[in-house]
Amino acid sequence: MMEARKYVWEGAIPLQIHLHESEVTTLPPPLPALILAPRIGYLPLLVPHIKPHFSSTLPPGIDTVWFDYKGLPLKWYIPTGILFDLLCAEPERPWNLTVHFRGYPGNILIPCEGEDSVKWSFINSLKEAAYIINGNCKSVMNMSQPDQVELWRSVINAGNLEAYIRVSSKLKLGTVGDEYAADLYSSSLNSRQSIGDTDSTGQVKTGKCFTLLDAVKSLLPEYFPYKSLNNEESSREEDKDEEKVPSENLSEHVESCYSSDDAEVKLVRIQGIEPKLEIPFSWVVNNLVNPEHFLHLCVCLKLPQVKIPSDT
Amino acid sequence: MAADSPSSVRKVVVHLRATGDAPILKQAKFKIPGTDKFAKVIDFLCRQLHRETLFVYVNSAFSPNPDELVIDLYNNFGFDGKLVVNYACSMAWG
């Protein structure tokens, strides 16, 4: 179990960061900065590593750093790996981003004052997860100061999984056991071979294991109609906003953005992986969850092509 | 959209509760469109209380991201038909 978590923890996205042309005041313009960004990290945390590369060419002024991908300002509180999974349907290596040190788009992005803002956002997400799992966030609030420091440091360095596990296990956010879904979702489950498993007391459980597919269906029921009309027209793809699922909370309401008559789930990407949907959901949660204890699902939808009448 | 999307017209009742030494609002309950971001609640509070910064929480527990939609917060954390939002002038919880 540790191995899978370690792979995820150490996952990184190679970035090629270009300074926005409006901020280049020297000739020749600076080369892009190349940096390996931890998947579980956040773009603003990379700024101390990027800035030295560009500082001699920047116009005078105060830094208000933000990033864009093909003109889309990037929400800095979303972990880097998720931004990549969501915005690059076909993974781009390296991922080309543009950095700006001026002209923060305050009407589009919430303010970011560097590491402190990222930490505040992270801690509040962790509290939100604790609240959902335990009904309160006492465990997070009662963390000792040294523990808080170690937790944050293990995340920003994205290296020390052992330290992270040591501190986060005190938060009692738990690992998810296998859920057997006979009662809950029997109407939408296809019949499968039952999977035997042993729990901690050594008894064998049988039954239909709650899978990733079951989880996705419960979150996005509108894309799993009973009638499965296979649309034979070619379809265009569209990325849906990520769905956040705190571990152990399976009943989160999802707002539908599309009239879902013919839209289908094309793929589900988690930590850059497209897991087989038959995998037990508990495994997905226990291994692919982010440090703030949210499981981020990037869902790619396939929408039917719209036929546009032509004038002839 | 083919059918009426209830969430596009649905309003959420927000109950604003003062914490610590924060001033209490004369009117504490409001209806706000579900599609508004939580940032609107924060901005409203800051304007009403003439403050640049406030600490704003849901259910006295955590501070939601300002980009979150009020309807999502209500669906996940609301109870008794409303979303309880606590505000403080200094950090109240953690």
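A few points on the structure. (Residues numbered from 1 in each chain as written. Chains lettered and ligands numbered in written order. Predicted model: local features only at pLDDT ≥ 70, side-chain atom pairs only at ≥ 80, totals over all residues. Heavy atoms only, no water.)

As for the overall build of chain A
Piece 1. When its secondary structure is counted, chain A shows 9 helices and 11 strands.
Piece 2. Across chain A, every contact between residues at least 6 apart in sequence was considered, and the portion connecting residues at least 24 apart equals 74%.
Piece 3. In the form shown here, chain A has an accessible surface area of approximately 16300 Å², with 52% of it arising from carbon and sulfur atoms. (Helix = DSSP H or I, 4+ residues; strand = E, 2+ residues; numbered from the N terminus. Contact = heavy atoms within 4.5 Å. Areas by Shrake-Rupley, 256 points an atom, 1.4 Å probe, with all protein chains shown as cover.)

Concerning helix H2 (residues 47-54) of chain A
Residue and element names in this part refer to chain A.
Piece 1. Those residues of H2 that sit buried are Val47, Ile50 and Phe54. Each buried residue of H2 lies within a common arc of 70 degrees when the element is viewed along its axis, so the set occupies one face. Away from the buried face of H2 by more than 90 degrees, exposed residues Pro48, His49 and Pro52 are located.
Piece 2. For H2, the elements touching its buried residues are strand S1 (12-19), strand S2 (33-38), strand S3 (66-69) and strand S5 (95-100). (Buried < 20%, exposed > 50% of the residue type's maximum accessible area, 1.4 Å probe, protein only. Arc of directions from axis to C-beta.)

With respect to the sheet that holds strand S4 (residues 72-73) of chain A
Picture the strands of a sheet paired through backbone hydrogen bonds; they go either parallel or antiparallel.
All names here are of chain A.
Piece 1. Pairing in this open sheet of 5 strands is mixed, and the strands run S2-S1-S5-S3-S4 from one edge to the other. Two strands close off the open sheet at either side, each with one partner strand: S2 and S4.
Piece 2. Looking at chain direction, S3 and S4 are connected through 2 bridges and run antiparallel. Looking across to S4, one finds that Asp68 is bridged to Pro73. (Pairing = 2+ DSSP bridges.)

Concerning the pairing of S3 of chain A
Residues in a regular strand project their side chains so that they alternate between the two faces of the sheet.
Piece 1. On S3 of chain A, burial covers both faces: Trp66 and Asp68 of chain A on one face and Phe67 and Tyr69 of chain A on the other are all buried.
Piece 2. Counting the residues between successive antiparallel strands, the hairpin from S3 of chain A to S4 of chain A contains 2 residues, one of them, Lys70 of chain A, with a positive phi of roughly 50 degrees.

Here we look at the state of the cysteines
Residues and elements named next belong to chain A.
Piece 1. Counted under the stated rule, the structure contains 0 disulfides over all chains.
Piece 2. The thiol of Cys300 is unpaired, and the distance to the nearest cysteine sulfur, on Cys298, comes to 9.8 Å.
Piece 3. With relative accessibility at 6%, the residue Cys300 sits in the buried group. (Disulfide = S-S within 2.5 Å.)

These results come straight from atomic positions and should not be treated as a statement about function.
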